[in-house]
Every structure is written in C-alpha cells, then in structure tokens.
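# Per-entry structural report
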Amino acid sequence: QILSLDISNNILLTSLYCNTNQLTSLDVSLNTSLLDLRCYANPISTLDVSFNTSLTMLQCYSNQLTTLDLSNNINLQNLFCHSNQLTDLDLSNNTSLTYLYCTNNNLLTLDVKNGNNINITNFNCTNNQNLTCITVDDDVYSTANWTVANGNIDPQHTFSTNCNFN
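As the structure is a computational prediction, the values presented were derived from the model and not from experiment.

Rules used in this analysis
- Residues numbered from 1 in each chain as written.
- Predicted model: local features only at pLDDT ≥ 70, side-chain atom pairs only at ≥ 80, totals over all residues.
- Heavy atoms only, no water.
- Helix = DSSP H or I, 4+ residues; strand = E, 2+ residues; numbered from the N terminus.
- Buried < 20%, exposed > 50% of the residue type's maximum accessible area, 1.4 Å probe, protein only.
- Phe/Tyr/Trp six-rings, centres within 6.5 Å; stacked < 30°, edge-to-face > 60°.
- Disulfide = S-S within 2.5 Å.
- Pairing = 2+ DSSP bridges.
- Axes fitted to C-alpha atoms, helices over the stretch in contact; angles between N-to-C directions.
- Core = buried A, V, L, I, M, F, W, Y, C linked by side-chain atoms within 4.5 Å.
- Contact = heavy atoms within 4.5 Å.

Another point: unusual backbone geometry. Look at Thr20: it is not a glycine, yet its phi comes out positive at around 55 degrees. Considering the arrangement of structural elements, one finds Thr20 in the loop between β1 (15-17) and β2 (36-38). Thr20 gets classed as partly exposed once you look at its relative accessible area, which sits at 48%. Even without being glycine, Ser83 reaches a positive phi, approximately 60 degrees. Summarising the element assignment, Ser83 is placed in the loop between β4 (78-80) and β5 (88-90).

And the structure:
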C-alpha cells in the first residue's frame, strides 16, 4: 500500500517492481539504466519513460494512464499497457517489440508499423471499441495472423499500412 516512492538516488537500478500499490505518480527520469519496469495495478495517471532508453520490459497495466509516449524506447520488447485509458498508441519506433498487450483501453489510433511485425509473437488489442484501423507493416500478413478467431483483435478492427487518422 505504498503511496509514494523516491528512487532518484538509485541511478544504477535496472529493475523496479512496484506493482499493486497506491502510487499516483512515479518518477523514473534519473533511472536511465532501467531495463524492467513493472508498475501495474496502481492509480498512476502519468508515466514518463522517455529517459529510460534501455527499457526492454514495461508492465504499466491497470493504471489511469491516458497517454504513453514510447518513442524513445527503441529497445522495448514487451509492453503490457492494457486496462488504462489510452486513446493513442504509437509504437512505430519500437522496432524490438515482440509482445503487445493493449486490450481494454479507449484507443482511437494504434500504430505498430515499425518494420518488426513478423517478430511480434503476442498481439492483443481487443476491447478497444472505438479503434477501427490499425497501422501495420503489411496488412496482408496482419490480417492472416492477427485475427478475431485467435483473440487478437475485435471484429471492427482492420489493418492498413496507412490508416488515415485525421
């Protein structure tokens, strides 16, 4: 039931598991060696991981996040950001991504066109009712491999190499 956590002096920290607490914020900006961050099941409303460029695992699900900027996290392999309030998720810079679980959000846009789609072994973006088009590397590949039957997408989801999100 931790309410606050100051890890600013732990600059060599590589793993942080602070899940299932009462944290409303988490400052990891000085923890640039962080590889694995698990802060799920907290009421965190904002999370800035832009300085955590070594991050390979991020489990920030079941929080109150409305935005999540992962553009600097090019080493990110595993992303669990489900059960938040995210509306836009841009993973176009995340060329190492192999696991994406972004179900149960309010996504309007999802961009996974990162040149690495064939290496994403786990993909789930279900229960995003307002999401219609998902930007991908290859719409034929995605349509064949990420399906409603497999539990990867919702029936209204389609794939395109250029979704028009205007």
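Alright, that's what it looks like, and here's the rest.
Attention now moves to the packing of aromatic side chains. Applying the stated criterion to the full structure yields five aromatic pairs. Considering the side-chain rings of Tyr141 and Trp146, the 6.1 Å spacing of their centres and the 80 degrees angle between planes classify their relative orientation as edge-to-face. Ring-pair connections join several aromatic residues into one group, and the members of that group are Phe123, Tyr141, Trp146 and Phe159.

A few words now on the state of the cysteines. Following the criterion strictly, the structure yields one disulfide and no others. Residue Cys133 pairs covalently with Cys163 via a disulfide, S to S 1.9 Å. Here the disulfide of Cys133 and Cys163 is left-handed, its torsion about the S-S bond being about -75 degrees. Here Cys163 lies in the segment after β10 (158-160) and Cys133 lies in strand β9 (residues 133-135), a separation of 30 residues in the sequence. Look at Cys163 and you get buried, because its relative accessible area is 9%.

Let's shift gears to the sheet that holds β5. Sheets are built from strands paired through backbone hydrogen bonds, the pairs being either parallel or antiparallel. Taken together, four strands build an open sheet; the order of strands is β5-β7-β9-β10 and the sheet is parallel. Both outer strands of the open sheet, β5 and β10, are each paired with one neighbouring strand and no more. Neighbour-to-neighbour, the strand axes of the sheet open up by a mean angle of 25 degrees, direction not taken into account.

Another point: the nonpolar core. Across soluble globular proteins, nonpolar side chains have a tendency to be buried as a group. Within the largest apolar cluster, 39 residues are counted, with the highest numbers of intra-cluster contacts made by Leu37, Leu58, Leu79, Leu89, Leu110, Phe123 and Ile134. Look past the residues within four positions of Leu58 in its chain and what remains in contact with it is Leu37, Leu47, Leu68, Leu70, Leu76, Asn78, Leu79 and Phe80.

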